[in-house]
Amino acid sequence: MNRSRSISDSVTVVEPASGWQIINFKELKQYSDLFYFMVWRDIKVLYAQTVLGFSWAILQPLIQIILFTIIFGKVARISTEGIPYILFSSVAIIPWTYMSQAMAQSSQSLVGGQNMLGKIYFPRLIFPITPILAKLVDFGISLVIILGLIIYYSVQPTWNLLFFPVLILLMMSIAAGAGLWLSALAIRFRDVRHAMNFILRMLMYSAPIVYSASSIPEAYRFIYSLNPIVAVIEGFRACLLGTPMPWQYVWPGLTTAAILLISGALYFKRMERIFVDVI
Amino acid sequence: MSFKDTALKVENISKCYRIGSKEEVYENLASATFEFIKSPLKNYRKYRSLYKFDDIKPDSGSASDPDPSDVIWALRDVSFELGRGEVLGVIGSNGAGKSTLLKILSRIADPTGGRAQIRGRISSLLEVGTGFHPELTGRDNVYLNGTVLGMTKKEVGEKFDEIVAFSGVEKFIDTPVKRYSSGMKVRLAFAVAAHLEPEILIVDEVLAVGDIAFQKKCLGKMSEISRAGITILFVSHNIGAIENLCTRGIWLDDGRVVMDGDIEAVTSSYLKSTNVDDSETAPESWKHTGSGEALITNANLLDTGDKECSTFKMGETILIEFCVEFNKSFPAVDDMAVEVMQVNTGLKVLHLLCQDCGFYLENVTIGKRRFQVEIPKCLLYPGHYQISIYVGDGSFSGFDYVKNVLKFTMVQSRVSKRTNPFLATHAIYHNQSIWKEL
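Residues numbered from 1 in each chain as written. Chains lettered and ligands numbered in written order. Predicted model: local features only at pLDDT ≥ 70, side-chain atom pairs only at ≥ 80, totals over all residues.

What chain B contains, in helices and strands, is eight helices and 20 strands. A buried classification covers 36% of the 438 residues belonging to chain B. Counted over contacts in chain B with a minimum sequence separation of 6, partners at least 24 positions apart contribute 72%. (Helix = DSSP H or I, 4+ residues; strand = E, 2+ residues; numbered from the N terminus. Buried ≥ 20, exposed ≤ 12 C-beta atoms within 10 Å, placed from the backbone. Contact = placed C-beta atoms within 7 Å.)

On to the overall build of chain A. Across its full length, chain A holds 13 helices and one strand. What you see in chain A, going N to C, is helices and strands ordered as β-α-α-α-α-α-α-α-α-α-α-α-α-α. Considering only C-alpha atoms, chain A reaches an extent of 70 × 45 × 40 Å along its principal axes. Across the 279 residues that make up chain A, the buried fraction comes to 40%. Considering only residue pairs separated by 6 or more positions, chain A has 81% of its internal contacts joining residues 24 or more positions apart.

All names here are of chain B. Mapped onto the elements of the fold, Arg 179 is located in the loop between helix H4 (153-167) and helix H5 (182-194). Residue classification places Arg 179 among the exposed residues on the basis of 11 C-beta atoms within 10 Å. Along the sequence, Arg 179 and Pro 134 sit 45 residues apart, while their C-alpha atoms lie 8.0 Å from each other.

A few words on the sheet that holds strand S13 (residues 318-326) of chain B. All names here are of chain B. Reading across from one edge, S11-S13-S18 is the order of the three strands in this open sheet, with antiparallel pairing throughout. Looking along the sheet, the strands with just one partner apiece sit at the ends: strand S11 (294-302) and strand S18 (367-375). Pairwise comparison of adjacent strand axes, ignoring direction, gives a mean angle of 20° for this sheet. As paired strands, S11 and S13 are joined by eight bridges and run antiparallel to one another. By the bridge assignment, Leu 295 is partnered in S13 with Glu 325. (Pairing = 2+ DSSP bridges. Axes fitted to C-alpha atoms, helices over the stretch in contact; angles between N-to-C directions.)

Turning to the confidence of the model for chain B, a few remarks are in order. Residues and elements named next belong to chain B. Confidence in the prediction for chain B averages 83 pLDDT; 89% of positions are at 70 or higher. Between residues 60-66, whose pLDDT stays under 50, and residues either more than four places distant or in other chains, the model counts five contacts. Contacts of residues 276-280 to residues separated by more than four positions or lying in other chains number two contacts, the stretch itself having pLDDT below 50. Predicted complex metrics record ipTM = 0.85 and pTM = 0.76. (pLDDT = per-residue confidence, 0-100.)

Okay, the domain arrangement of chain B next. Residue and element names in this part refer to chain B. Assigned domains within chain B: domain 1 (74-276) and domain 2 (283-411). When each unit is reduced to the centre of its C-alpha atoms, the spacing between domain 1 and domain 2 is 40 Å. With seven residues of domain 1 in contact, the opposing surface of domain 2 contributes seven residues. Of all the secondary structure elements, the ones that give two or more residues to the side of domain 1 that touches domain 2 are helix H7 (239-245) and helix H8 (263-277). The biggest single contributor to the side of domain 1 that touches domain 2 is H8, with four residues. (Domains from an automatic or database assignment.)

In the contact formed by helix H2 (residues 32-46) of chain A and helix H3 (residues 138-148) of chain B, the axes pass within 9 Å of each other and the chain directions differ by 145°. By crossing handedness, the relation of H2(A) to H3(B) is classed as left-handed. For the pair H2(A) and H3(B), contact is made by A:Asp33, A:Leu34, A:Phe37, A:Arg41 and A:Lys44 and by B:Asp140, B:Tyr143, B:Leu144, B:Thr147 and B:Val148, respectively. Looking at the contact of H2(A) with H3(B) residue by residue, the class counts come to five nonpolar, one polar and four charged. (Left-handed = near helix turned anticlockwise from the far one by under 90°. Nonpolar A, V, L, I, M, F, W, Y, C, P; charged D, E, K, R; others polar.)

Residue and element names in this part refer to chain B. One ladder, built from two bridges, connects strand S10 (residues 288-289) with strand S20 (residues 400-411); its direction is antiparallel. Residue pairing across strands places Thr 289 opposite Tyr 401, the latter belonging to S20. Of the pairings in the sheet, the one linking strand S12 (residues 311-313) to S20 comprises three bridges and is parallel in character. Bridge pairing in S20 links Phe 312 to Met 410. The pairing of strand S19 (residues 383-392) with S20 spans eight bridges and is classified as antiparallel. Across the sheet, the residue bridging to His 384 is Thr 409, located in S20.

A word on the interface of chain A and chain B. The interface is formed by 31 residues belonging to chain A together with 43 residues belonging to chain B. Breaking the side of chain A that touches chain B down by element, the ones donating at least two residues are strand S1 (11-14), H2 and helix H13 (275-278) of chain A. A class-by-class count of the residues in the side of chain A that touches chain B yields 18 nonpolar, four polar and nine charged. Across four bridges, the pairing between S1(A) and strand S4 (residues 113-119) of chain B is antiparallel. In the strand pairing of S4(B), A:Thr12 is matched with B:Ile118.

We now examine the packing of helix H8 (residues 164-188) of chain A against helix H11 (residues 228-241) of chain A. All names here are of chain A. Two elements in contact, H8 and H11, have axes separated by 10 Å at closest approach and are oriented at 155°. Between H8 and H11, the angle is such that the two are roughly antiparallel. Regarding H8 and H11, the two cross each other, and that crossing is left-handed. Contacts between H8 and H11 involve Phe 164, Leu 167, Leu 170, Met 171 and Ile 174 on the former and, on the latter, Pro 228, Ile 229, Ala 231, Val 232, Gly 235, Phe 236 and Cys 239. Partitioned by chemical class, the residues of the contact of H8 with H11 number eleven nonpolar, one polar and no charged. (Parallel < 35°, antiparallel > 145°, perpendicular 65-115°, else oblique.)

This brings us to the nonpolar core. Ranked by internal contacts, the top residues of the largest apolar core, which has 143 residues, are A:Ala175 and B:Phe234. If you tally residues by element for this core, the top one is H8(A), at 14 residues. If sequence neighbours within four positions are ignored, B:Phe234 has contacts with B:Val87, B:Leu88, B:Gly89, B:Val90, B:Val203, B:Ile242, B:Leu245 and B:Cys246. Counting 31 residues, the second largest nonpolar core, distinct from the first, contains B:Phe322, B:Val373, B:Leu379 and B:Val391. (Core = buried A, V, L, I, M, F, W, Y, C linked by C-beta atoms within 7 Å.)

This brings us to the sheet that holds strand S1 (residues 6-18) of chain B. The antiparallel open sheet is built from four strands, whose spatial order is S1(A)-S4(B)-S1(B)-S2(B). Each of the sheet's edge strands pairs with one partner strand only, and the pair in question is S1 of chain A together with strand S2 (71-83) of chain B. Ignoring strand direction, the axes of neighbouring strands in this sheet form an average angle of 15°. Contacts from helix H2 (residues 98-105) of chain B reach S1 of chain A together with S1, S2 and S4 of chain B within the one sheet, and its direction differs from that of S2(B) by about 65°.

What follows is the structure, encoded as structure tokens:
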């Protein structure tokens, strides 16, 4: 074994954790290769030994879009302000599919990785953040559906499209914030896994996915706007379909998403030193 | 020792765990229902308090100030320093806190109290193949496992061919690991670990997996690493391996450092302590197998000065004395034996027979007889040995057989012109030889 490298000066101190910690970005950077491989593992493993492979990333939301279009568009005839229902629902279902899957996986990331958690040290943040990034691949692929529909219905692009990256960041922070909170809670209280199903269902109906935000009575709009998912969904419609940018939802949504993300990161950092002890 | 030469400084590390307390049993449906309704609150308190020890101090636990019943101290005030290049072996019985110590130093778990400073790049190997994913190919897993262990992508890339060659699974490197045999998996995982280049290495009982050949390979690699000047902290139950690799030892018992010093001294005290605790060495609790027509009632080890002794230098004479109580008379007893087993390997290394010198008994009457077996100039290699004694008349089961009733330790001494120590990995028995040029 060659020992040419000089002894490094790095000093690691092991101490009982005290109180609130901030995220150590320098350390995260040291582990960036590991982070990369964890994300890459999630992507690679997801469709291993399937016949359809990455086509599932299109099929899953597509089937839901078709179902919703039949039930809510044709049978229930929900008002969409003149937008064809299939277009109306697909720009909502695709970001929602991302958020729900990323949240669900992120919340279980620590419990699922407990074997690794007990055997090796690396920044614990990598666990819940990995699915947030890995799921972007599915999301990117499923954008093909939207692209196809936009071409089919010949929707004209507008300047609103410039806000698209902001909305994607917002969408990721919501999933990350929720994932940080839920994963740190789930390692202590396994109830999270059982509650996750209806939490996701409730979140889905709380956001304008099958219906339009305009059907919410004016008096409740502010409370409604505090749900950052509303901002993502209505924002996606504005960006891609050219409806006016829903700033009354975007600003409160950005604020709550930021609070969710920062508080989640703080809570996670506070709890991370005891994860191994409470597995 | 200046701070610069210190690789590891551990100061008063303590670790506390909460263990489950007993579940209550309900006597009737009403109280069971009530408890069921109350249980979420109780569970919440229980899971919430898992890591909270504000009220507990490491020095508590005395009679006047007992710990709560569901709290255990895995480590109490452990302190030591490790110089650069030192190879430290941590020994102790199960539950002594060895693995907890390694977990804390690897930063996997947080100490409840105390502090440790680690200077240099640290790698810990508490398991081989951490992060291996069955669906990924061998190639992918090498990269994944390598980065998990702290290498960069570039480093893994540079060593990739070496790693694969070392593992011997070249042919299957692009096959998902789930189709590997368990041996192949372990070989590949160890190959990755063996190519780490840390400055401080923490190794748990990882060598306990795999077959003999694999364990040998691991130990070989370990001693190569230790010669390269890497600071190593090694936990194992394999005392032989520890003695070969380490220069210094720490003996943990019930979370405390009992002894810290030269490895030979620490391991022999540790083994002695397990002897003392071992009530099986008392003749009353010996397990006798055989017809019982005669019973071995007592046995001792003596040195040439007729003093009781359990540690012998290589080349010293060992005397074994034992009593046999005959419950029947026999015309002749001509089958007695003493077996010597190496503790670490379980290998029977000597089989000493009364026929060796033509010794036998004639016209044995009921009563007690005493015998002495001399092993002149015993040249067993350093290590720990156990003695079993057999008395019979050549029939299948014999009269009596008592297993592992005496223990002794062989230690180094200069029995030849060789200056290097005799190591248990080299051989079991040293036979003097005569060399000349022809």
